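As a plain string of letters, each chain reads:
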Amino acid sequence: MSRGEISSTQVVIIVIALVGFLILLGFLRLAFGDSNQLSERETCRLSVLTRATAPTQAQSSIPLKCTTSKICLTSTGGSDSCPEFAGQSGVSVIKISGDDDAQAHAIEKISADALYDCWNMMGQGKLDLFGLAFQDFRVKESRCVICSRVALSENIGGEVRSKIDLNRYMRESLVPGTSLTYLETFADGLQSQTFTGVDQQTYLSQVDSLSSENKNDLLKTPQSNQLAFVFAQRKSPSGFGEGFLSGVEDASYAVIGTTLLVPGAKSQVFNPTAWLGAAAFVGGAGTWAGVSSWWDQSISAGYCGKFSSSVNKEEDRKGCSLVRAMPYSVESINQICQNLEGDL
Amino acid sequence: MKSKRGALLEDNALGIIIAIVCIVVLIGGFYVLASRAFSNQESKNARKTLDLVSSTIERLAEGQQTNLTLQGFSNAGAWYLLAWNPSDPDRPQKCFFESCLCVCKGSTSQSCQDLGFCTNFQTTVFTKSKFNYRYIEGGTIDGGLEYAFLSRNCVNLRPNLYELSVSKQQGSFISLDLFSESDARSILSCKPLGDEPAPTIIPEKALP
């Protein structure tokens, strides 16, 4: 072989290198570029995985490309049915039809799917999304993604709203494509209908222990006809327990504390004896008053323990995640979210 | 006579060059894509915030007021809503002929010019934030007052959920108002508003 001639081995190496390079570039483009060809859910899931598997110091440079879905449920189908989304782009208007039962069922399904999608997109709470790089002045604040906002238009009547029972729906209905109900899925596949929850009495006693000012804040009736499906994560060196509560304001203590502080809890859906979740959709009809905060903790799933993380120190891998449906209001969401991430 | 090492280097020269070029391009590409995506997301979210505020203003009739719930985003604290009017001597060039409402990365005219998005308005626009002095200075306000307010001509975007009061007053003034009891230091770079006298603060350590 003369000088300067390329051997067949070199040609193969160059081709493999170029192909590998192109694949890598394609992956980077998907992760960071304007990946319009992917659905919003897939884009979000990919960015979650990218961030979770990145070295901890690089995590904060990797954006979570999760766009808040805006869903307007209406019985007439008009594009301006939900004033909550006025002036905002990307609103999905879903017309729900049929009799009252059918409409209530449709609302239950959309809500359950929103909760499940949120939990699933965010790695079922087991991925370390906000590693040490997000620590600010050694305070590990909670960080959240609002996966979706669901508003009911005024034309969905009180009869329909009173029939919504999300608890029953999640207990009885299967997640599409699986043989598990929504509740079983959230409970990590346990074949059981019984879920450890916090009874209403425990919750109310926690509320009673708060100062009157914090209690009033907590029990304030949310002025919102709209639900947000929120994913929240907070890391603490002592794992789930006192570390989670340290530095959290009293109001958050009650909500987060009673929602998640269940001994031995690994992954839970709270199934209170007096289910008031269905009342959530009866916004403005009066049934929220006095029970709004209890309802707050009703529709939620949580995971506490070690995250899959690139952080080496074991203590720094512990924390809690939860997904919950709550009124889209400053009072409610800021109780658990100190920082929001994702696209508006 | 060539050494063994030299011959080895010569044989693999092409492969080495390709490898180095690939590594450099890869690192550069990763950096460019990552930084662009990150700043893109931040700018896009800031822009969406401005669009939402602007469309809310447009929908309001004269004399109306509404509370607008806004969603925060990553690094929102670096962004400010600022209003500029033709009477402002230091307004940015892009707001030279008309009043405009801008969302800017920074609270100065220059930052609005360089790193801001603006929407023009035919009417005079104001932005205002109100904070409690005690959250900035600490200690106690002289005279035993619980609250004494400080107003500045900007609205600092928040990292979580927050409410903005938007009003369109008679005579076509548009005003944005944010009251907050925390994170007050971020607005100190903005211009003072009104003639509220600054209270005397008794520092914590001076208390008996």
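Scoring rules and cut-offs
Residues numbered from 1 in each chain as written. Chains lettered and ligands numbered in written order. Predicted model: local features only at pLDDT ≥ 70, side-chain atom pairs only at ≥ 80, totals over all residues. Heavy atoms only, no water. Phe/Tyr/Trp six-rings, centres within 6.5 Å; stacked < 30°, edge-to-face > 60°. Helix = DSSP H or I, 4+ residues; strand = E, 2+ residues; numbered from the N terminus. Buried < 20%, exposed > 50% of the residue type's maximum accessible area, 1.4 Å probe, protein only. Lys NZ or Arg CZ within 6 Å of the ring centre and 35° of its normal. Polar contact = N/O pair within 3.5 Å; in protein donor to acceptor, adjacent residues only side chain to side chain. Contact = heavy atoms within 4.5 Å. Core = buried A, V, L, I, M, F, W, Y, C linked by side-chain atoms within 4.5 Å. Salt bridge = Lys/Arg side-chain N within 4 Å of Asp/Glu carboxyl O. Buried area = accessible area lost by both parts, 1.4 Å probe. Nonpolar A, V, L, I, M, F, W, Y, C, P; charged D, E, K, R; others polar. Pairing = 2+ DSSP bridges. Axes fitted to C-alpha atoms, helices over the stretch in contact; angles between N-to-C directions. 1 Å grid on protein atoms, 1.4 Å probe; cavity = no way out; pocket = protein on both sides within 12 Å on 5 of 7 lines; lining within 4 Å. Points joined across faces, edges and corners; volume = space filled by probe spheres on them. pLDDT = per-residue confidence, 0-100. Disulfide = S-S within 2.5 Å.

### Details of the packing of aromatic side chains
Think of a pair of aromatic rings as described by two things: how far the centres are apart, and how the planes are tilted against each other in angle.
And then number 1: This model, assessed by the stated rule, comprises five aromatic pairs over all chains.
And then number 2: Between Tyr116(A) and Tyr182(A), the aromatic rings sit 6.2 Å apart at their centres with planes inclined by 85°, giving edge-to-face as the arrangement. You can see Tyr116(A) sitting in helix α3 (residues 100-121) and its partner Tyr182(A) sitting in helix α6 (residues 182-186), a full 66 residues away along the chain. Neither residue differs from the other here; Tyr116(A) and Tyr182(A) are each classed as buried.
And then number 3: Aromatic side chains Trp79(B) and Phe117(B) sit 6.3 Å apart centroid to centroid with 10° between the ring planes, which places their arrangement in the stacked category. On the criterion of sequence distance, the pair formed by Trp79(B) in strand β2 (residues 79-84) and Phe117(B) in strand β4 (residues 116-121) is long-range, its members being 38 residues apart.
And then number 4: Overall, the relative accessible area of 25% leaves Phe117(B) in the partly exposed class.
And then number 5: An aromatic cluster of at least three residues, connected via ring pairs, comprises Tyr116(A), Tyr169(A) and Tyr182(A).
And then number 6: Over the ring of Tyr328(A) we find Arg149(A); its NZ or CZ atom is 4.0 Å from the centre of that ring.
And then number 7: Seen from the ring of Phe96(B), Arg91(B) lies directly overhead, with NZ or CZ sitting 4.4 Å from the centre.

### Some remarks on the side chain of Ser47(A)
And then number 1: Summarising the element assignment, Ser47(A) is placed in helix α2 (residues 40-53).
And then number 2: At 2.8 Å, the side chain of Ser47(A) and the backbone oxygen of Cys44(A) are in polar contact.

### What about the side chain of Asn339(A)?
And then number 1: Along the polypeptide, Asn339(A) turns up in strand β8 (residues 339-341).
And then number 2: When its relative accessible area of 9% is taken as the criterion, Asn339(A) is described as buried.
And then number 3: When neighbours within four sequence positions are excluded, Asn339(A) is seen to be in contact with Glu141(A), Ser142(A), Arg143(A), Cys144(A) and Pro159(B).

### Overview of the nonpolar core
And then number 1: Val48(A), Leu73(A), Ile107(A), Met122(A), Leu129(A), Met170(A) and Phe231(A) are the most contacted members of the largest nonpolar core, which totals 41 residues.
And then number 2: Within the residue set of this core, elements represented by two or more residues are α2, β1 (69-74), α3, β3 (143-152), α5 (166-172), α6, β4 (226-235) and β7 (318-327) of chain A.
And then number 3: The leading source of residues in this core is α3(A), at ten residues.
And then number 4: With 26 residues, the next largest nonpolar core counts Leu50(B), Leu52(B), Ile57(B) and Leu68(B) among its residues.

### Things to note about the pattern of salt bridges
And then number 1: A full pass over the atoms with the stated rule returns nine salt bridges over all chains.
And then number 2: The partner of Lys109(A) in a salt bridge is Asp113(A), with the nearest N and O atoms 2.9 Å apart. One end of the pair, Lys109(A), and the other, Asp113(A), are both in helix α3, four residues apart, so they sit about a helical turn from each other.
And then number 3: Using a relative accessible area of 30% as the deciding quantity, one classes Lys109(A) as partly exposed.
And then number 4: The salt bridge involving Lys44(B) is made with Asp343(A); its shortest N-O contact spans 3.9 Å. Of this pair, Lys44(B) sits in helix α2 (residues 13-59) while Asp343(A) sits in the segment after β8, which puts the two residues in different chains.

### Notes on the interface of chain A and chain B
And then number 1: Each partner contributes residues to the interface: chain A has 34 residues there, and chain B has 31 residues.
And then number 2: A buried area of about 3,000 Å², summed over both sides, lies between chain A and chain B, and 60% of it is on carbon and sulfur atoms.
And then number 3: Joining chain A to chain B, the criterion identifies one salt bridge.
And then number 4: At the boundary of chain A with chain B, the tally comes to ten residue pairs in polar contact (both at pLDDT 80 or more).
And then number 5: Those elements that place two or more of their residues in the side of chain A that touches chain B are α1 (8-32), β3, α12 (330-336) and β8 of chain A.
And then number 6: Among the elements that take part in the side of chain A that touches chain B, α1(A) stands out by supplying seven residues, more than any other.
And then number 7: Of the residues belonging to the side of chain A that touches chain B, the class tally is 16 nonpolar, eleven polar and seven charged.

### A word on the sheet that holds β4(B)
Residues and elements named next belong to chain B.
And then number 1: Spatially, the four strands line up as an open sheet ordered β4-β3-β2-β8, and their pairing is antiparallel. Of all strands in the sheet, those bounded by a partner on one side alone are β4 and β8 (154-156). Each neighbouring strand pair of the sheet contributes to a mean axis angle of 15°, computed without reference to strand direction.
And then number 2: Where β2 and strand β3 (residues 99-105) come together, six bridges link them in antiparallel fashion.

### So, the layout of surface pockets
And then number 1: Its volume calculated, the second largest pocket comes out at about 520 Å³.
And then number 2: Pro83(A), Glu84(A), Asn67(B), Leu68(B) and Thr69(B) are the residues nearest the centre of the second largest pocket, which is lined by 22 residues in total.
And then number 3: Breaking the lining of the second largest pocket down by element, the ones donating at least two residues are α2 and β1 (65-71) of chain B.
And then number 4: A per-element tally of the lining of the second largest pocket places β1(B) first, with four residues.
And then number 5: In terms of residue class, the lining of the second largest pocket is made up of six nonpolar, ten polar and six charged.

### As for the environment of Glu42(A)
And then number 1: Relative to the assigned elements, Glu42(A) resides in helix α2.
And then number 2: Distance from Glu42(A) to Ser7(A), taken between C-alpha atoms, is 43 Å for residues 35 residues apart in sequence.

### Re the confidence of the model for chain A
Caution is warranted with low-pLDDT regions, since their predicted coordinates should not be read in detail.
All names here are of chain A.
And then number 1: Mean pLDDT over chain A: 68, with 60% of residues reaching 70 or higher.
And then number 2: Scored below 50 in pLDDT, residues 190-200 shows 26 contacts in the model against residues more than four places distant or in partner chains.
And then number 3: A low-confidence stretch, residues 237-298 stays under pLDDT 50, and its non-local contacts, those more than four residues away or across chains, total 165 contacts.

### Points about the state of the cysteines
Residues and elements named next belong to chain A.
And then number 1: All told, the structure shown has eight disulfides over all chains when counted by the stated rule.
And then number 2: Bridging Cys118 to Cys147, the disulfide has an S-S length of 2.0 Å. Linking Cys118 and Cys147, the disulfide has an S-S dihedral of approximately 60° and is accordingly described as right-handed. Note that Cys118 is positioned in helix α3 and Cys147 in strand β3, a separation of 29 residues in sequence. Each of the two residues, Cys118 as well as Cys147, counts as buried.
And then number 3: Listing the disulfide partners of chain B by sequence rank of the bonded cysteines yields 1-2, 3-6, 4-5, 7-8.

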